Amino acid sequence: QVQLVESGGGLVQAGGSLRLSCAASGRTLRRYAMGWFRQAPGKEREFVASISLSGGSSYVDSVTGRFTISRDNAKNTVYLQMNSLKPEDAGVYYCAAGTLAFASRPVEYDYWGQGTQVTVSS
């Protein structure tokens with residue numbers, strides 16, 4: 001079992017930055033590919049970014065060039081640096097752990113955190 005806890009969300013003005021963290025306990029994250037998803041009210045959970053065991057990353061087109069996913073296996077933590085935030089980036093952000101590299105569908109992940117709220121004011 002892996003327990004994931006997200007943090008770092010909050011209220012930011014459009015154009016601002018936030019850094020989300022996802023801390024794991026129970027098992028080492030170095031065994032897992034990791035992903036970030038987000039969900040806005042009334043919408044389905046949307047893939048944002050993923051990072052493989054070796055550090056390779058993939059992003060949804062709408063965040064490419066603005067968001068960066070990274071991992072620190074020594075700290076058992078995954079990060080999502082979000083720059084140039086837009087109102088459409090708002091939602092609850094979830095991190096997830098799984099065994100498939102570059103997975104982009106929620107069903108491909110085995111463990112989920114409880115989410116952290118990101119609000120972007122225009």
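One can find the structure itself at the top, above this paragraph.
Novice: Give me the lowdown on the pairing of strand β11 (residues 116-121), citing residues and values where you can.
Specialist: Here β11 shows a clear split, with Thr 116, Val 118 and Val 120 buried on one side and none of Gln 117, Thr 119 and Ser 121 buried on the other. With three bridges joining them, strand β9 (residues 91-98) and β11 adopt antiparallel strand pairing. Bridge assignment links Tyr 93 to a residue of β11, and that residue is Thr 116.

Novice: Outline the packing of aromatic side chains, supporting the account with residue identities and numerical values.
Specialist: This model, assessed by the stated rule, comprises six aromatic pairs. Plain terms: the ring middles of Phe 37 and Tyr 109 are 5.3 Å apart, the flat faces sit at 80° to each other, and that makes the pair edge-to-face. Remark: Tyr 109 occurs in the loop between β9 and β10 (111-112) and Phe 37 occurs in strand β4 (residues 33-39); sequence separation between them is 72 residues. We classify Phe 37 as buried; its relative accessible area is 0%. Here Tyr 94 and Trp 112 contribute two aromatic rings whose centre-to-centre distance is 6.5 Å and whose plane-to-plane angle is 75°, an arrangement assigned as edge-to-face. Separated by 18 residues along the polypeptide, Tyr 94 in strand β9 and Trp 112 in strand β10 bring together distant segments of the chain. Accessibility expressed as a relative area gives 13% for Tyr 94, which makes it buried.

Novice: Describe unusual backbone geometry, and please don't skip the residues or the numbers.
Specialist: One can expect most non-glycine residues to show negative phi and most peptide bonds to be in trans. Unusually for a residue other than glycine, Ser 84 sits at a positive phi of about 50°. Within the element layout of this structure, Ser 84 appears in the loop between β8 (77-82) and β9. The partly exposed category is assigned to Ser 84, whose relative accessible area is 41%. Although it is not a glycine, Phe 102 sits at a positive phi angle of roughly 60°. Tracing the chain through its elements places Phe 102 in the loop between β9 and β10.

Novice: Could you give me a rundown of the sheet that holds strand β1 (residues 3-7), with the residues and numbers involved?
Specialist: With antiparallel pairing, four strands are arranged side by side in an open sheet as β1-β3-β8-β7. Both outer strands of the open sheet, β1 and β7 (67-72), are each paired with one neighbouring strand and no more. Averaged over all neighbouring strand pairs, the angle between strand axes comes to 15°, with direction disregarded. Sheet analysis places strand β3 (residues 18-25) next to β8, joined by six bridges and oriented antiparallel. Opposite Leu 18, over in β8, you have Met 82 as the bridge partner.

Novice: Can you lay out the nonpolar core for me, pointing to particular residues and giving the numbers?
Specialist: Residues Leu 4, Met 34, Trp 36, Leu 80, Met 82 and Tyr 93 are the most contacted members of the largest nonpolar core, which totals 27 residues. Of all elements in the fold, only β3, β4, β5 (46-51), β7, β8, β9 and β11 reach the threshold of two or more residues within this core. Among the elements that take part in this core, β3 stands out by supplying four residues, more than any other. The residues touching Tyr 93, leaving out its near neighbours within four places in the chain, are Glu 6, Leu 20, Trp 36, Phe 37, Arg 38, Val 48, Phe 67, Leu 80, Met 82, Gly 115, Thr 116 and Val 118. Formed by five residues, the second largest nonpolar core is a distinct cluster that contains Phe 37, Ala 96, Ala 103 and Tyr 109.

Conventions used here
- Residue positions are given per chain, counting from 1 as you read along its sequence in written order.
- Only residues with pLDDT of 70 or above have their local features reported here, since the model is predicted, and side-chain atom pairs are shown and tallied only from 80 upward, although totals for entire chains, interfaces and linings are computed over all residues.
- Excluding hydrogens and water, the side-chain figures rest on all heavy atoms present in the structure.
- Buried, partly exposed and exposed residues are distinguished by accessible area as a fraction of the type maximum, computed with a 1.4 Å probe on protein chains only: under 20%, between the cut-offs, and over 50%, respectively.
- Helix and strand definitions here come from DSSP, where helices need a minimum of 4 consecutive H or I residues and strands a minimum of 2 consecutive E residues; each element is numbered from the N-terminal end.
- If DSSP finds at least two bridges between two strands, the strands pair.
- Pairs were defined over the aromatic rings of Phe, Tyr and Trp, the Trp ring being its six-membered one, requiring ring centres within 6.5 Å. Orientation was assigned from the angle between planes: stacked under 30 degrees, edge-to-face over 60, tilted for the rest.
- Angles run from 0 to 180 degrees between N-to-C directions of axes, and those axes are lines fitted to C-alpha atoms, restricted for helices to the stretch in contact.
- Put simply, a nonpolar core is a bunch of buried Ala, Val, Leu, Ile, Met, Phe, Trp, Tyr and Cys residues held in one set by side-chain atoms that sit within 4.5 Å of each other.
- Should any heavy atoms of two residues lie within 4.5 Å, those residues are counted as being in contact.

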